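Observations on the three-dimensional arrangement
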Amino acid sequence: MNDADSPTEEVSEHPTPPPLRIGLLLDDLVAPAWVAEIVRQIAEAPFAEIVLLAVDASPKPPPKTLGERVQTQRHAAAWIAYERLDRALFSPAHDPYAPVDLGPVVGDAPRLEVVPERQRFSDRFPEPALDALREAKLDVVFRFGFRILRGEVLEVARHGVWSYHHGDNRVNRGGPPALWEVFRQEPTTGAILQRLTERLDGGEVLERVQVPTDRRSVSRNRAAVVWRSVPLAVRALKALASRGERSPEPEYQRRMVYDGPLYRRPTNGVVLAAAGRIAMQYARDRLRRWGTIEQWQLAYAFGSTLPELRKFRVIEPPPDRFWADPFPVVRDGRYFLFFEEYLLGRAKGRIAVMELTPDGPTSDPQPVLELDTHLSYPFLIAHEGELYMVPENAASGDLRAWRCERFPDRWQPAATLLEGVRIADASFIEHQGSWFMWAPTAEPRCTTYDETWLYVAPHPLGPYRKVGERPVVSDPRAARGAGAPFWRAGTLVRPAQDGSVRYGRCVRFMAVEGLGSQAYREHEIDRFEPLWDESLLATHTFNQAGRLFVIDQQRRRRL
């Protein structure tokens, strides 16, 4: 990182550009909750203002009863029944489709009633409506209503019409949203924000996000991906406002050819077969859990090179707790291991330490840091003779560093690195005089292992600022940290958790390129999965200090 990349106090002589002029295409002024949240974020953004609402004024047919839907859609009767049952059994905590009145948010923005020219599946705007949209001199139009848009309406705004598709268009085109990923047991479910073109699901992708597929429930899976997609609109607008042009996704994230089908509502036979598979898997999982706990344990090995994982020695905790997230350190030739100790009775974790020798621990674990909220992932940073710890404390809403006053058991607050943000498993490395932090961040109603932002600071205690306009990782298969980054044969390697199939399923080793630049990217060069013992379920941390290698592993243990 050079001086040109550093923050500056110099005030720009360029005047602040006017906010982007935004239009909304709506079916009604009462919209689903996820749409209302996007509209609220746009209305509150300093770089955008909502100047026009185009509302579909077509006559609305009365809603059909369940019986009428089944009668007219007999080939999809099983899906209609399945969807209702799924919602009843697995209702999400926050329903993204709950109706919300947009009136208080959009205020007195002008309304334009539009009766589109309807074809079988698509809508075209009549010329008077097109003229009104052009006169508004819009920068961006968001499509939250109408059907498939065709014709000149796609070009009425300077940067086009932007629309959400809840599905990864590289593997899933069509609908219903978030259904086929469950039926096909895909590891992830995606969503995109795209600039529409005449090509169905083939527009210019502006932002992309993925969540782990909920393999039991379409309703919960749909809610997860819909809520995760909400920030994409403001994220893309902010990039547009700062750059003056659209910021499409990097070329390497795209696929050249789509080779899947155009998905539609499943037929009765497909629904019954999928429901049977899901029910059988659910029953098998329940039987496996009977009389057992899923316990995280530690394992270690000493050596000059990484041994086979089956040769690691296991440190098994008592049945009332688990041990995970090991971080080792060498002090005066002795090896100490800091880790999360999760007490089942208290339902929260604390940080503990034990000394390790090739023959095993020298004593029982000793708690060294405990708060009212959950602690885990005690990342250790040695800098200028000081030892710092940055544990996960996402429940507090802050990311804090602690300084070691007396090794290994006395730690005092050193600095708050970030405030007002839920960050899990932050990982750090020093590179060319700067400190970089990978910060898995949770948006409201979302998990902490879907996206990771990169931050940079001149010192491990900050101040930190974001690098780039979008997350460097937006994929639950690699977003969350799995240990300290390290250098291997001139390549920066970041251990990452794959949380797609289940939380912390395995460790992926990601080779990082372009650290601290807009050209950041990473790709997998190695991984290890919990295959060396048939009783293992997951493994999600890898670290090394000197001759000591440590991992954690989750095992089903009988009570």
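Residues numbered from 1 in each chain as written. Predicted model: local features only at pLDDT ≥ 70, side-chain atom pairs only at ≥ 80, totals over all residues. Heavy atoms only, no water.

A word on the side chain of Arg228. Assignment of secondary structure puts Arg228 in helix α7 (residues 218-229). By relative accessible area, Arg228 is classed as buried at 1%. (Helix = DSSP H or I, 4+ residues; strand = E, 2+ residues; numbered from the N terminus. Buried < 20%, exposed > 50% of the residue type's maximum accessible area, 1.4 Å probe, protein only.)

The final tally for this structure, using the stated rule, is 46 salt bridges. Between Glu522 and Arg494 there is a salt bridge, and its shortest N-O distance comes to 2.7 Å. Pair noted here: Glu522 is in strand β35 (residues 521-528) and Arg494 is in strand β33 (residues 491-498), with a separation of 28 residues, a long-range link. Judged by relative accessible area, Arg494 falls into the buried class, the value being 1%. A cluster of three or more residues bridged by salt bridges with shared partners is formed by Asp320, Arg321, Glu341, Arg346, Lys348, Arg350 and Glu370. (Salt bridge = Lys/Arg side-chain N within 4 Å of Asp/Glu carboxyl O.)

Chain-level pLDDT for the chain is 91 on average; 95% of the residues reach the 70-or-more range. Overall, residues 1-12 carries pLDDT values under 50, and its contacts beyond four positions in sequence, including any with other chains, amount to eight contacts. (pLDDT = per-residue confidence, 0-100. Contact = heavy atoms within 4.5 Å.)

Moving on, we get to the sheet that holds strand β1 (residues 20-26). In a beta sheet, neighbouring strands pair by backbone hydrogen bonds and run either parallel or antiparallel. Taking strand neighbours across the sheet as the criterion, the seven strands line up as β5-β3-β1-β8-β10-β12-β13 in an open arrangement whose pairing is mixed. Looking at which strands have only one partner, the edges of the open sheet turn out to be β5 (111-114) and β13 (204-212). Taken pair by pair, the neighbouring strands of this sheet meet at an average axis angle of 20°, ignoring direction. Pairing geometry for strand β10 (residues 161-165) and strand β12 (residues 188-195), over four bridges, is antiparallel. From the neighbouring strand, His165 faces β12, where its bridge partner is Ile192. Of the strands in this sheet, β3 (48-56) and β5 are in contact with helix α5 (residues 127-135), which crosses β5 at around 155°. (Pairing = 2+ DSSP bridges. Axes fitted to C-alpha atoms, helices over the stretch in contact; angles between N-to-C directions.)

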